[in-house]
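Listed here are the chains, written in short residue letters.
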Amino acid sequence: MERAVTRKTFQTISHPGDSRRLAKEVVDHLAVYIADSDILHDLDIILTEACANVCRHAYGGEPGPLEVRLVVNPGIWIELEIVDWGRGFGSGVRFENPGPDAEGGRGLYIMRMLANDCQVKRRDRENVVFIHKDIGAALWKT
Amino acid sequence: MENLTIRREGGALLLKYTGEITLEMTTDLKRRLDAELGEGDVSTVIIDLSAVPFMDSSGIGFLVSVNTRMKSAGKSFYLYQLSPAVEKTLGLVQLIGFFTVLPDETALTGVCG
């Protein structure tokens, strides 16, 4: 397997079905590098939650541009940026697990649980969810 | 939704969905369940999750909303046969113990009786 750091960008418009398909497309690409199905499932959940957040909140419930930027450092880690150009997170950022009766608000908590680092940023006009996940050497394809 | 099967046994409504439960699906699932609940006296809802290979927090929200609706009406809500993916998602948000999960067919028959 190639050991150099690689980058790839994936784009769609944030309709619910297209957002889920984008997450799957990124996971399919990661499956070229990563052998462990449980890690791939973690990444699938992270991406699906982040893309669904864009779908629900970024453009006031309307569809808009959604981008995933992936960086793979083979054998060591992966990083993801899930990007939109909508209204931003404002004060709505909550990483805590809400009470059991809450019907929403668990997305960021789940992402944080499954990643080593999870940050929400505003960069120029971009709203970015940044994810870093260390992946043990034995879990990669050889 | 051809992936949804609905069975009635007495006052029990048993739903089984085959496929992913994500943001794309939950609105339709809610609509179908609302229609069923409006159609006669349902005392118990059971959702079979054995054929769900992926569920996100929208799916969790759906399950919580059904639970709240049934319990606040003094009725019963159960999950039946969690797939490994569903178990993992519910475990991440510490909700496995929040729901009542029927472990096997004997338990299912018990609540349908």
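Look a little higher up for the structure.
A few points on the structure.

Procedures and definitions
Residues numbered from 1 in each chain as written. Chains lettered and ligands numbered in written order. Predicted model: local features only at pLDDT ≥ 70, side-chain atom pairs only at ≥ 80, totals over all residues. Heavy atoms only, no water. Salt bridge = Lys/Arg side-chain N within 4 Å of Asp/Glu carboxyl O. Helix = DSSP H or I, 4+ residues; strand = E, 2+ residues; numbered from the N terminus. Buried < 20%, exposed > 50% of the residue type's maximum accessible area, 1.4 Å probe, protein only. Contact = heavy atoms within 4.5 Å. Buried area = accessible area lost by both parts, 1.4 Å probe. Nonpolar A, V, L, I, M, F, W, Y, C, P; charged D, E, K, R; others polar. Pairing = 2+ DSSP bridges.

1. A word on the pattern of salt bridges
Item 1. Counting across every chain of the model gives 17 salt bridges over all chains.
Item 2. As a salt-bridge pair, K24 of chain A and E20 of chain B come within 3.4 Å of each other at their nearest N and O atoms. Placement of the pair is K24 of chain A in helix α1 (residues 16-30) and E20 of chain B in the loop between β2 (12-17) and α1 (23-37), with the two residues belonging to separate chains.
Item 3. A salt bridge links R8 of chain B to E36 of chain B, with the shortest nitrogen-to-oxygen separation between them at 3.2 Å. Note that R8 of chain B is positioned in strand β1 (residues 4-9) and E36 of chain B in helix α1, a separation of 28 residues in sequence.
Item 4. In this structure R8 of chain B comes out as partly exposed when scored by relative accessible area, which is 35%.
Item 5. In the salt-bridge network here, residues are joined through shared partners; they are E67, R69, E81, R123 and E126 of chain A.

2. Section: the interface of chain A and chain B
Item 1. Tallying the contact residues gives 25 residues for chain A and 23 residues for chain B.
Item 2. Between chain A and chain B, the buried area comes to about 2000 Å², and carbon and sulfur atoms account for 59% of it.
Item 3. Counting across the chain A and chain B interface gives four salt bridges.
Item 4. When the shortest N-O distance is used, the salt bridge between D42 of chain A and K88 of chain B registers 2.5 Å.
Item 5. Those elements giving two or more residues to the side of chain A that touches chain B turn out to be α1, α2 (37-58) and α3 (107-114) of chain A.
Item 6. Here the side of chain A that touches chain B gets 10 residues from one element, more than from any other, and that element is α2 of chain A.
Item 7. Along the lines of polarity and charge, the residues of the side of chain A that touches chain B split into 10 nonpolar, five polar and 10 charged.

3. Some details on the pairing of strand β5 (residues 126-134) of chain A
All names here are of chain A.
Item 1. Most of β5 is tucked away: eight of the nine residues are buried.
Item 2. As defined by bridge partners, strand β4 (residues 117-123) adjoins β5 across seven bridges and the pair is classed as antiparallel. Among the inter-strand pairings, C118 is bridged to a residue of β5, identified as I131.
Item 3. Linkage of β4 to β5, two consecutive antiparallel strands, is achieved through a turn of two residues, within which D124 is found at a positive phi near 55°.

4. A look at the environment of A138 of chain A
All names here are of chain A.
Item 1. Within the secondary structure layout, A138 lies in the segment after β5.
Item 2. Judged by relative accessible area, A138 falls into the exposed class, the value being 75%.
Item 3. A C-alpha to C-alpha distance of 18 Å links A138 and V5, two positions 133 residues apart in sequence.

5. Considerations on unusual backbone geometry
Item 1. With a phi angle near 55°, D124 of chain A is a residue other than glycine that sits in the positive phi range.
Item 2. Along the chain, the position of D124 of chain A falls in the loop between β4 and β5.
Item 3. A positive phi is found at Q94 of chain B, a non-glycine position, where the angle reads about 55°.
Item 4. Tracing the backbone shows Q94 of chain B in the loop between α3 (84-92) and β5 (101-102).

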